[in-house]
Amino acid sequence: MSTSIKNFYYGIKNSKFTNEVNKFLNSVYFLALSAVLAVLGNAFGLELLVYGIIVLCGIFTAIFGEDFLPLLPAFAFCYITPSTKNNPGKNPNSVFTFGNGAEYLVAMVGLFAIILIIRLIVDKNIGVRKAFKVKRKLTLGMVILGVAYILSGLFSKGYFTRDTFINNLIFSVLQFVSLFAIYFIFAFAVKWEKVKKEYFLWIMFFVAFVVMAELITVYIQNDVAGKGNFDKALIYTGWGICNNMGALMVMAMPASFYFAYKRNHGWIFSIIASLIFVAVIFSMSRASMLFGAVVYALCVVMIIVKSKGKARRNHLIVFGILLALAIIIACVFYKQILGMFATLVNNGLTNDSGRGNIYKAGLKQFIKAPIFGSTFFPVEYDLYSWSSTDLTAILPPRWHNTIVQLLASCGVVGLLAYAFHRFETVKLFLSEKNAESTFIAVCILGLLLTSLLDCHFFNLGPTMLYSMALLFVEKAKLLTPKIDSKNSEMVAVDDTVNAENG
């Protein structure tokens, strides 16, 4: 690069305008903007516009950003942007198909990828030259699990047929990339000592808000409660069904409780967290309601036990009022509530929706190929698929349980690889004793619990958030503590005590 070009580039990069834009892109306000864009894209089918804005922000970051931190929100919010009418699993003519918009998406992402790769190659501080110099605690477990994914179905019946081999390989690689790429790349592409400790929890806070807003949109657009009869089958949007929406809110809910614990006037966030739980109930996903109640109760106990003085009193008052309000609403509107849950009541709350048979079939598939499993695609069992398009060639129906999924798809090798990865993650959390890591751990717990009755750990979006969460926990000791606006002092890193003035 000639001297004149360098001077021109650094002149722009160091300008006041560029510094202000970078300041915004690294702030919580950009997260809020990303959340608003996701809601607008979902509600009005503006995916191409929203993705275009996000890509432009990404290109700016790739060229002029101090590091790649502003790219992280895209993985969270772009995933939950697709609208009901552009659901690629329901609409073969959605904007995600070629001839209807996919070519523009490919062009945008391709241009961004080229610029990003160039920056990674030439930058000495956050480029590939640092990739293998950064220490990572979870690399071995993730790689072993990824290899188990890729080896899934090896030597099983029909494995080497063209469609099975290629489709399974594509899905296996996608699974590995969603698990490992964010963790590996952003470990060296972000200057972690400048990142606020709360950053990931703010992402999850806004994720919960986006899904809540999208659930309201679904109720309106799909007429879920038409004539007072709630139809669970109508609760779906462009990126998932009721189970996906409910589980993601369960995973994101602890973020609100974190701010309830950390902030002065945290009781406001306690109310917000409670509203998220109400939204989980309105998702009508039984697994999400069950494990959402567990996560909600755990978080309530955590902030009451950990809070002190006036803060604890305020939380107790708020939860007492909320409990009384819930009882009053249940008594006054019990008919409407029964109408909402008519589907659940008629089918029986203990009805497993065929999961018992699914698990038996999955274990039979495992028995036939116990070492490497029989690929991620069901062999002799016609699993229900949410998609009616060719997307099922890449995203197969799954077994609705993490353990059964691993055994059926990857055999003993997969289960052992997952066990080792889980051992490493537990070890990581035990070594990071701070408020941020604790509440992130509960976020991950929400994902793992709901994945016992569904397939969320094998969905790309939640897995990318999971990867992001683990990275933030590992980098916790490097992150910048929050500045107390009153005292202009750093809040203690261990954050074990609430503000007395609540």
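Residues numbered from 1 in each chain as written. Predicted model: local features only at pLDDT ≥ 70, side-chain atom pairs only at ≥ 80, totals over all residues. Heavy atoms only, no water.

To continue, consider the packing of aromatic side chains. With the rule as written, the count across this model stands at 42 aromatic pairs. Note on Y258 and F439: the rings are 5.8 Å apart at their centroids and 75 degrees apart in plane angle, and the pair reads as edge-to-face. One end of the pair, Y258, is in helix α10 (residues 242-262); the other, F439, is in helix α18 (residues 435-450), and 181 residues separate them in sequence. Its relative accessible area of 4% is what places F439 among the buried residues. Centre to centre, the rings of Y418 and F457 are 5.6 Å apart; their planes meet at 85 degrees, and the pair counts as edge-to-face. With a gap of 39 residues between them, Y418 in helix α17 (residues 402-431) and F457 in the loop between α18 and α19 (460-474) connect regions that are remote in the sequence. Under the relative-accessibility criterion, Y418 is labelled buried at 11%. Among the aromatic side chains, those forming a connected cluster through ring pairs are W202, F205, F206, F209, Y258, F259, Y261, F269 and F439. (Phe/Tyr/Trp six-rings, centres within 6.5 Å; stacked < 30°, edge-to-face > 60°. Helix = DSSP H or I, 4+ residues; strand = E, 2+ residues; numbered from the N terminus. Buried < 20%, exposed > 50% of the residue type's maximum accessible area, 1.4 Å probe, protein only.)

Attention shifts here to helix α11 (residues 267-282). Under the 1.5 Å per step criterion, the end-to-end length of α11 is 23 Å for 16 residues, consistent within 8% with the ideal 22 Å. Among the residues of α11, F269, S270, I272, A273, S274, I276, F277, A279 and V280 are the ones counted as buried. Taken together, the buried residues of α11 touch α9 (199-221), α10, α12 (286-306) and α13 (309-332). Positive phi appears at M284, one or two residues downstream of α11, with a value of about 60 degrees. (Expected span 1.5 Å × (residues − 1). Contact = heavy atoms within 4.5 Å.)

Looking now at the state of the cysteines. What the rule picks out here adds up to zero disulfides. Not part of a disulfide, C57 finds its nearest cysteine sulfur in C78, a span of 10 Å. (Disulfide = S-S within 2.5 Å.)

With that settled, the discussion passes to α13. Helix length check: α13 (24 residues) gives 35 Å between terminal C-alpha atoms against 34 Å at 1.5 Å per residue, within 8%. Among all positions of α13, only A311, N314, H315, V318 and F319 are buried.

Here the structure, examined in full by the defined rule, presents eight salt bridges. Residue K191 pairs with E66 through a salt bridge whose shortest N-O separation is 3.7 Å. One end of the pair, K191, is in the loop between α8 (162-189) and α9; the other, E66, is in the loop between α4 (47-64) and α5 (72-77), with 125 residues separating them in the sequence. The shortest N-O distance in the salt bridge between E198 and R263 comes to 2.7 Å. Residue E198 is found in the loop between α8 and α9, and its partner R263 is found in the loop between α10 and α11; the two are separated by 65 residues along the sequence. A relative accessible area of 6% places E198 in the buried class. (Salt bridge = Lys/Arg side-chain N within 4 Å of Asp/Glu carboxyl O.)

Another aspect to go through is the packing of α9 against α10. Contact pair α9 / α10: the axes reach a minimum separation of 8 Å and the direction vectors enclose 135 degrees. When the interaxial angle is binned, α9 and α10 end up oblique. The handedness of the crossing between α9 and α10 comes out as left-handed. Contact residues: α9 offers L201, W202, M204, F205, V207, A208, V211, M212, E214, L215 and V218, while α10 offers M245, L248, M249, M251, A252, A255, S256, Y258 and F259. Across the contact of α9 with α10, the residue classes break down as 18 nonpolar, one polar and one charged. (Axes fitted to C-alpha atoms, helices over the stretch in contact; angles between N-to-C directions. Parallel < 35°, antiparallel > 145°, perpendicular 65-115°, else oblique. Left-handed = near helix turned anticlockwise from the far one by under 90°. Nonpolar A, V, L, I, M, F, W, Y, C, P; charged D, E, K, R; others polar.)

Looking at the protein chain as a whole, the pLDDT averages 90, with 90% of positions reaching at least 70. Note on residues 483-502: pLDDT is under 50 here. Beyond four places in sequence and across chains, it has 48 contacts. (pLDDT = per-residue confidence, 0-100.)

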